[in-house]
Every structure is written in structure tokens, then in C-alpha cells.
Amino acid sequence: MSIAKFMNIGNGSVVAVNRIISILSPESAPVKRLVQDARDKGFLIDATYGKKTRTIFVMDSEHVVLSAVNNETITARMMEYTD
């Protein structure tokens, strides 16, 4: 049995590291469509608390999580969890 590891994604929100499929930047049109599709299906989790979206997580549960933390900061945090 493994212990779940959680990563801070800003504003007191966390995600389960082992459930992340992809970490994306929000600028491209395909990513914007991905976010809109998740919103339409009820799978969008907005953890930005009204701030600008800087990082998008695609989870293995089909959820899409928005974060206001810079992609570079998230990537550095993810490196702490790689073995």
C-alpha cells in the first residue's frame, strides 16, 4: 500500500501527484478547448480563486484542474516527487 503524495498548487489547494497525467500551459487553442470541454462536462476544478490561470493539470479521472501558480514553479515542485 503506497501513501498518497500531495502537491501544493496554490491558495491552499493540493492535488494527488500520482493522479496527474499532464501539466499544461493555458495559452494554446487546443488547451483552451480542453478546459471548455471539461467545464461543459462538469469535470473542471478551478483552484485559481479568481486569479489568472497559469497552469492546467489533466488528471487520470478526466478532471481538469486550473492553478494560478506558474508552470515553472509547479515543475520544480514536481521534481521533488520524482524518485
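The structure displayed is predicted, hence computed values, not measured ones.

A. Broad picture of the overall build of the chain. Counting its regular elements, the chain contains 2 helices and 6 strands. Shown N-terminal to C-terminal, the secondary structure of the chain runs as helices and strands in the order β-β-β-α-β-β-β-α. The C-alpha atoms of the chain give 12 Å as radius of gyration, which agrees with the globular expectation for 83 residues (12 Å, within 12%). When the backbone C-alpha atoms are referred to their principal axes, the chain occupies close to 35 × 25 × 20 Å. In the chain, which comprises 83 residues, the proportion classed as buried is 35%. Sequence-distant contacts, at least 24 apart, represent 52% of the contacts inside the chain between residues at least 6 apart. The chain carries 10 positive and 9 negative side-chain charges, and their two centres are separated by 5 Å.

B. Main features of the nonpolar core. Residues Met-7, Ile-9, Val-15, Val-17, Ile-20, Ala-47, Phe-57, Met-59, Val-65, Val-69, Ile-74 and Met-78 constitute the largest nonpolar core, which totals 12 residues. Sorting the residues of this core by element identifies β1 (6-10), β5 (55-59) and α2 (71-79) as the ones contributing at least two each. Residues in contact with Ile-9, not counting those within four places in the same chain, are Val-14, Val-15, Ala-47, Phe-57, Val-65, Ser-67, Val-69, Ile-74 and Arg-77. The next biggest cluster of nonpolar side chains, apart from the first, holds 7 residues, and it includes Val-31, Val-35, Ala-38 and Leu-66.

C. Quick peek at the environment of Ile-21. Examined against the element boundaries, Ile-21 turns out to sit in strand β3 (residues 20-24). As for Ile-21 and Val-58, which are separated by 37 residues in sequence, their C-alpha atoms are 5.5 Å apart. Excluding its chain neighbours within four sequence positions, the residues that come into contact with Ile-21 are Val-58, Met-59 and Asp-60.

Reading the values: rules and limits
- Residues numbered from 1 in each chain as written.
- Predicted model: local features only at pLDDT ≥ 70, side-chain atom pairs only at ≥ 80, totals over all residues.
- Heavy atoms only, no water.
- Helix = DSSP H or I, 4+ residues; strand = E, 2+ residues; numbered from the N terminus.
- Rg over C-alpha atoms; globule rule 2.2 N^0.38 Å.
- Buried < 20%, exposed > 50% of the residue type's maximum accessible area, 1.4 Å probe, protein only.
- Contact = heavy atoms within 4.5 Å.
- Lys, Arg positive; Asp, Glu negative; His and termini not counted.
- Charge placed at Lys NZ, Arg CZ, Asp CG, Glu CD.
- Core = buried A, V, L, I, M, F, W, Y, C linked by side-chain atoms within 4.5 Å.

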